[in-house]
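Secondary and tertiary structure notes
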Amino acid sequence: MNGADAAAPQVEGLSDTDRVRLALAAGAIVGTWFWDVTTDKFTFDRQFADAFGIDPALGGSGLGLEQIVATVHPDDREGLSAAIEDALARGGAYAHHYRVKSRDGTWHWIEANGRVDKAPQSGTVTFPGVLIDIDERHSLMEERDRAMRLLEAFIEAVPGVVYAKDREGRMLVANRGASELVGKPMAEIIGKTDLETLGNSAEAAGIMERDAAIMAGGEVVQIEEQVSYPDGREAIWLSTKAPFRDDEGQIVGLIGSSVDITERRSTEAELRETEERYRLASRATNDAVWDWRIADGHVVWNEALERRYGHALAESGAQWWLDHIHPDDRDRVDQDIHAVIYGGGTAWTAEYRFRRADGAYADVLDRGFLLRAEDGTALRMIGAMQDLTERRVREAAVRQSEERARLATEAAAIGTWDLDLRTGELRWDARTKALFGLSAKASVTYEDTFLRGLHPDDRAATEAAVAAAIAPGGAGHYHIEYRTLGIEDGVVRWVAARGRTIFTDAGAPLHFIGTLVDITELKRTEATLRELNETLEARVAAEVAERSAAQEALRQAQKMEAVGQLTGGIAHDFNNMLAVVIGSLDLLSRRVDASDPKIRRYIDAAAEGAQRAATLTQRLLAFSRQQPLNPEVVDANQLVPDMSELLRHSLGADVRLETRLAAGLWRTHADRNQLENAILNLAVNARDAMPEGGRLTIETRNASMQEQGSAAIPGGDYVLIAVSDTGAGMSPEVKAKAFDPFFTTKQVGKGTGLGLSQVYGFVRQSGGQVRISSAPGEGTIIKLYLPRFTGDACDAAAEPQQDLRPGGAQEVVLVVDDEAAVRQFSVDALTDLGYRVLEADGGLAALRLLDGHPEITLLFTDIVMPDINGRKLAEEALRRRPDLKVLYTSGYTRNAVVHDGVVDSGVELIGKPFTVGQLAAKLRAILDF
């Protein structure tokens, strides 16, 4: 047959009549097609090809239907195929909407209109049709649908009832609220009048009559209507109704909305009632009631503001109220009330002074309560000012009277009580409560407090005395002594009680009042006197024994003190002499012919003897706790294993060494070298106690005492190092003297008796404790308790190797010592080591040399010298030469550079006696730092 326009080719099988009919039916035709269903040949014109984005040259030869469907929008293909199958199945007219892509690449909506013709004679089926552009129409339809959905959503979202009626009152549109109101589904409402849907016909007639009047009047009206719910509930609805007009302005119906205001009306009524009660209450009270609107500071007052304070005001600003507060109270009140307002609080209370109209100030107690919006914003605060002036005067008088009574009873140490015999109420003052072991705030009763607090042996007599005193018609007097148990504190006390009963004129008892006095000390004194009389002879004997023990302890302490003073007195001179001997032997050994073994043996023997003397002096200093210590952070679990080789060598093959090291051991702060010496001393003593061999155990663990400690160890945290053996053990007499200096159980020449003394002195000087557990045949355990270190310092690094490199000629050392022999040894030793040396015999000479020789690198000075000691000399030298290095030496420091047994921070010290090697290493460590 032909196409839609003159330029289109003829489309086979379509007559001109058919083409005209289809064009007229479709309107804006944008293409035609003819589909021979039998042969699946689909031909089309140029406009069709443009609409589908197909090559027009293919229109005459034709394509398969599947090729045509493939050009349709993917979302529309399934629907198109279904529509075509439906048309083929039933025949006749066909119409369907879908999207196709034009040549410019855009998708647009078209409507395909056609007809399925079936020829029974030939068996052929043809499907001609045309395309109509509906893109604009489809956009309008979508906009309409969107508007309808929006309208439906809006109607459903509006609270209450929304509706539209025609002129006869039939419902045209309604939301779910209308359905809920009448209690019927929407299908039974639309198209019906109120008379047909509402259960109450009279109510429905009234509504329709009002609706008709509104449509007749042509104005918007807001009215309240009485409505009955299906369940019988009565409600008040606020309805807004307006005429509904058509495009020409003619009234064709009515539109309206209604909201249930039943609860609001009830709330308003309650609010009016509450406001009336508030108004009447504020007029009836003597307190100044105020209502503060926080947004603008407006305050409303009741009549009491004038009646009580003289201010003839009904309204004011918040600032007026604040200005009338006493200046000393104003800032506090202002800050407190705003802290409640802006801090989310609900109530405020304050006491302050408020200025009356006559200028005098009244003491007031003010309370306010906040009203807040749902978001927490403070809206109003309502409160009342109570005048406390008269009450304060009465309270002051009562306090004054009570204070006089209290002072009188306190001065006499007297407690008071008052038992109301009509109500059973018991009142005790703080003194009486204390005599029964109660706190001042404890509540009391006759049965649960007074009777329960009596000593069982005294309860019967006391109850009988009370009963006699309060008996009607009796004398009413009460005087008795009894014991209290101390209800809360458990302390037993003796009290003397005196009281009397107050009777009515008819002889009925009213009050039972009286006083209590603590006579515990009196009773204790009486008991003591009786005991003294009975046990005088035994007490005298015990006192004599106690004094003898005290005198023995004093003699022992004086002996120890004498040893300490003796040690300090001889340490300086003795160590100076040893310094000369050991130093000279050291220099001599460097110069003599080493090939002669006798000379070497003599020198070594002399050096060994001098060293033993030095060790003895050091042990004396350790016992007397006067040795200089260099404490550091020590991990005993590391120190003990490091000593294992030395210990095994010292113990010999017959003694087996075991160590038990606790996990998580705390650290301590002690002199590492002295701690090693202490452990070694204990190990050697243990070895000597096991001549046939045995087992030596060194154990570490944490030891935490209670805060008060015990009789043995003061409270605190300690690192415990225990050295135990399986030897012969000690008798109680030996154990009591084990730490005494020069005490030993060894044969003459086998020990000095200073080993345990040195251990004891070192541990006590380090702030610790030493304890011995021993018994004959059960071995010995010696426990060293060293204080736990809780600081953040890291463990001390290992001691550096000694540096014995000689000095250079450019390194000048000034030696200062008042002992000529010691000074000469130091000069010779330093000269042999390669240093250039200057010497002085005192502080003044040393300062002159320092001023005259700026090349001096290091000051090597003794500490204990006449006139100017070494510490003062160094301070003056460093003031003149801040870059000068200083090395101290001494056999006994006398606390010049050592305090509490610890070398002062930043001080370098080498103790006398010392060897040339020790001096060389110390100098290099200082000079190279």
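Residues numbered from 1 in each chain as written. Predicted model: local features only at pLDDT ≥ 70, side-chain atom pairs only at ≥ 80, totals over all residues. Heavy atoms only, no water.

Some remarks on the overall build of the protein
Convention followed: Comment: elements are numbered from the N terminus, with helices defined as DSSP H or I runs of at least four residues and strands as E runs of at least two. Here's how the labels work: a residue is buried when its accessible area is under 20% of the maximum for its type, exposed when over 50%, partly exposed in between, all with a 1.4 Å probe on protein chains only. For the accessible areas, the method is Shrake-Rupley and the probe is 1.4 Å, while residue cover comes only from the protein chains on display.
Across its full length, the protein holds 28 helices and 35 strands. With 929 residues in all, the protein has 40% of them scored as buried. Entry remark: accessible area of the protein is about 50,700 Å², with carbon and sulfur atoms responsible for 53%.

With respect to the packing of aromatic side chains
Note the cut-off: The rule is short: rings of Phe, Tyr and Trp, with Trp giving its six-membered ring, pair when the centres are within 6.5 Å, and they are stacked under 30 degrees, edge-to-face over 60, tilted in between. By the criterion adopted, a ring carries a charge over it if an Arg CZ or a Lys NZ lies within 6 Å of its centre and within 35 degrees of its normal.
Per the stated rule, a full pass over the model turns up 25 aromatic pairs. Taking the centre distance of 4.3 Å and the plane angle of 10 degrees together, the rings of F48 and F52 count as stacked. Of this pair, F48 and F52 both sit in helix α2 (residues 46-52), separated by four residues, roughly a single helical turn. The same class applies to F48 and to F52, which are both buried. Relative to F914, the ring of F825 has its centre 5.8 Å away and its plane inclined at 40 degrees; by these criteria the two rings are tilted. Here F825 is found in helix α25 (residues 820-832), whereas its partner F914 is found in the loop between β35 (909-911) and α28 (916-927), with 89 residues between them in sequence. Neither residue differs from the other here; F825 and F914 are each classed as buried. Taken together, the ring pairs in this structure connect W33, W35, F42, F44, F48, F52, Y94, Y98 and F127 into an aromatic cluster. Above the plane of the ring of W494 lies K523, whose end atom (NZ or CZ) is 4.6 Å from the centre. The ring centre of W666 lies 4.1 Å from the NZ or CZ of R788, which sits over that ring.

Details of the side chain of E111
Rule in force here: Between N or O atoms, a polar contact is any pair within 3.5 Å; within protein, one atom must be a potential hydrogen donor and the other a potential acceptor, and residues adjacent in sequence are included only when both atoms are from side chains. The criterion used for residue contact is that any of the two residues' heavy atoms lie within 4.5 Å.
Structurally, E111 is set in strand β4 (residues 107-118). Residue E111 is classed as buried on the basis of its relative accessible area, which comes to 12%. Reaching out from E111, the side chain makes a polar contact with the side chain of N113 at a distance of 2.9 Å. With residues near it in sequence (within four places) discarded, E111 still touches H96, H97, V130, L131, I132, I134 and R137.

Focus: the sheet that holds strand β2 (residues 41-44)
Test applied: A pair of strands is treated as paired once DSSP finds two or more bridges between them. To define axes, lines are fitted to C-alpha atoms, for helices over the stretch in contact only, and angles between the resulting N-to-C directions are given on a 0 to 180 degree scale.
Strand order across the open sheet formed by five strands is β2-β1-β5-β4-β3, with antiparallel pairing between neighbours. For this open sheet the edge positions go to β2 and β3 (92-101), each flanked by a neighbour on one side alone. Across the sheet, the mean angle from the axis of one strand to that of its neighbour is 25 degrees, orientation sign disregarded. Running at roughly 165 degrees to β3, helix α5 (residues 74-90) makes contact with β1 (29-36), β3, β4 and β5 (125-133) of the sheet.

Digging into a nonpolar patch on the surface
The condition is simple: Patch membership needs two things, relative accessible area over 30% and no salt bridge, and members are linked within 9 Å if like-charged or within 5 Å if nonpolar (Val, Leu, Ile, Met, Phe, Trp, Tyr). What counts as a salt bridge is simple: a side-chain nitrogen of Lys or Arg found within 4 Å of a carboxyl oxygen of Asp or Glu.
A cluster of nonpolar side chains, F244, V252 and I255, forms an exposed patch at the surface whose accessible area comes to about 210 Å². For V252, the location among the structural elements is in strand β10 (residues 251-260).

Topic: empty space enclosed by the protein
This is how it is decided: Grid spacing is 1 Å over the protein atoms alone, the probe is 1.4 Å, and a cavity is where that probe fits but cannot get out, while a pocket is an open set with protein on both sides within 12 Å along at least five of seven lines and lining residues have an atom within 4 Å of a point. Grid points are joined across faces, edges and corners, and a volume is the space filled by probe spheres set on the points. The residue classification treats Ala, Val, Leu, Ile, Met, Phe, Trp, Tyr, Cys and Pro as nonpolar and Asp, Glu, Lys and Arg as charged. All others, Gly included, are polar.
Under the definition given, this model contains four cavities of 30 Å³ or more. A volume near 240 Å³ is recorded for the largest cavity. The wall of the largest cavity is formed by 19 residues, among which Y163, K165, L181, D194 and I207 lie closest to the centre. Only β6 (161-166), α7 (176-182), α8 (194-197), α9 (201-217), β8 (221-228) and β9 (234-245) provide two or more residues apiece to the lining of the largest cavity. The residue inventory of the lining of the largest cavity, partitioned by class, reads 11 nonpolar, three polar and five charged.

Examining the pairing of strand β7 (residues 171-174)
With three bridges connecting them, β6 and β7 associate as antiparallel partners. Bridged to A164 within β7 is V173. Taken together, β6 and the strand that follows it, β7, pair antiparallel across an intervening segment of four residues, in which G169 is found at a positive phi of about 90 degrees.

Here we look at the nonpolar core
Test applied: What is meant by a nonpolar core is a set of buried Ala, Val, Leu, Ile, Met, Phe, Trp, Tyr and Cys residues, joined one to another through side-chain atoms within 4.5 Å.
Grouped together as the largest cluster of nonpolar side chains are 37 residues, with contacts concentrated most on L675, I679, L696, I698, I721 and L784. Contacts of L675, omitting those with residues within four sequence positions, involve V634, L639, I721, F762 and L786. If you look at the next biggest cluster of nonpolar residues, it comprises 27 residues, including F48, V72, L80 and V125.

Notes on unusual backbone geometry
The backbone of D40 shows a phi angle near 55 degrees, a positive value even though the residue is not glycine. Relative to the assigned elements, D40 resides in the loop between β1 and β2.

Re the packing of α25 against α28
Describing two packed helices takes the angle between their axes plus the distance from one axis to the other. Test applied: Orientation labels follow simple angle bins: below 35 degrees gives roughly parallel, above 145 gives roughly antiparallel, 65 to 115 gives roughly perpendicular, and whatever is left gives oblique. Crossing handedness is read from the near helix: turned anticlockwise from the far helix by less than a right angle, it gives a left-handed crossing, and turned clockwise, a right-handed one.
One can describe the packing of α25 onto α28 by two numbers: an axis separation of 10 Å at closest approach and a directional angle of 65 degrees. The orientation of α25 with respect to α28, classified from their angle, is roughly perpendicular. The handedness of the crossing between α25 and α28 comes out as right-handed. Residues F825, A829 and L830 of α25 form the contact with α28, whose own contacting residues are V916, L919 and L923.

Quick look at the side chain of T861
Within the secondary structure, T861 sits in strand β31 (residues 856-862). Among all residues touching T861, those that are not within four sequence positions of it are V816, G870, L873, L887, Y888 and T889.

Let's talk about the pattern of salt bridges
Within this structure, the stated rule accounts for 43 salt bridges. R308 is the salt-bridge partner of D387, the closest N and O atoms lying 3.6 Å from each other. With D387 in strand β16 (residues 378-387) and R308 in helix α11 (residues 304-309), this pair connects stretches of sequence that are 79 residues apart. R308 gets classed as partly exposed once you look at its relative accessible area, which sits at 28%. Residue R353 pairs with D329 through a salt bridge whose shortest N-O separation is 3.0 Å. Of this pair, R353 sits in strand β14 (residues 347-355) while D329 sits in helix α13 (residues 327-342), placing them 24 residues apart in sequence. Each of K165, D194, D211 and K241 takes part in one network of salt bridges that share partners.

With respect to the packing of helix α21 (residues 644-651) against helix α22 (residues 672-688)
Running from N to C, α21 and α22 cross one another at 30 degrees; their axes reach a closest spacing of 10 Å. As far as their axial angle goes, α22 and α21 are roughly parallel. As α21 runs across α22, the sense of the crossing is right-handed. Counted together, L646, L647, S650 and L651 of α21 and L680, A683 and R687 of α22 form the full contact between these two elements.

What to know about the environment of G507
Inspection of the secondary structure assignment puts G507 in the loop between β20 (493-503) and β21 (509-518). With relative accessibility at 22%, the residue G507 sits in the partly exposed group. Separated by 34 residues in sequence, G507 and G473 place their C-alpha atoms 5.6 Å apart.

Observations concerning α25
For clarity, the cut-off: To estimate how far a helix should extend, the number of its residues minus one is multiplied by 1.5 Å.
Look at α25: 18 Å from first C-alpha to last across 13 residues, which is about the 18 Å you get at 1.5 Å a residue. Along α25, the residues classified as buried are V822, R823, F825, S826, V827, A829 and L830. Positive backbone phi, at 100 degrees, marks G834, one or two positions downstream of α25.

A look at the pairing of β2
Taken together, the four bridges between β1 and β2 define a ladder with antiparallel strand orientation. Counterpart to D36 in the pairing with β2 is K41. Hairpin connection of β1 to β2: four residues between the antiparallel strands, including D40 at a positive phi of 55 degrees.

Remarks on the sheet that holds strand β32 (residues 885-890)
Strands pair in a sheet through their backbones, by hydrogen bonds, and they do so in one of two ways: parallel or antiparallel. Taken in spatial order, the five strands line up as β30-β29-β31-β32-β35 in an open sheet, and their pairing is parallel. Across the chains shown, the open sheet's two edge strands, defined by having one partner strand only, are β30 (836-840) and β35. Taken pair by pair, the neighbouring strands of this sheet meet at an average axis angle of 20 degrees, ignoring direction. Bridge count between strand β29 (residues 812-816) and β31: five bridges; the pairing is parallel. Across the sheet, L814 pairs through a bridge with L859, a residue of β31.

Quick look at α22
Spacing of three or four residues puts side chains on the same side of an α-helix, whose turn is 3.6 residues. With 17 residues, α22 should reach 24 Å at 1.5 Å per residue; the first-to-last C-alpha distance of 25 Å fits that figure. Considered for burial, the residues of α22 that qualify are R672, Q674, L675, A678, I679, N681, L682, A683 and A686. Where α22 begins, one side-chain oxygen reaches toward the backbone nitrogen of Q674, 3.2 Å away; that side chain belongs to D671.

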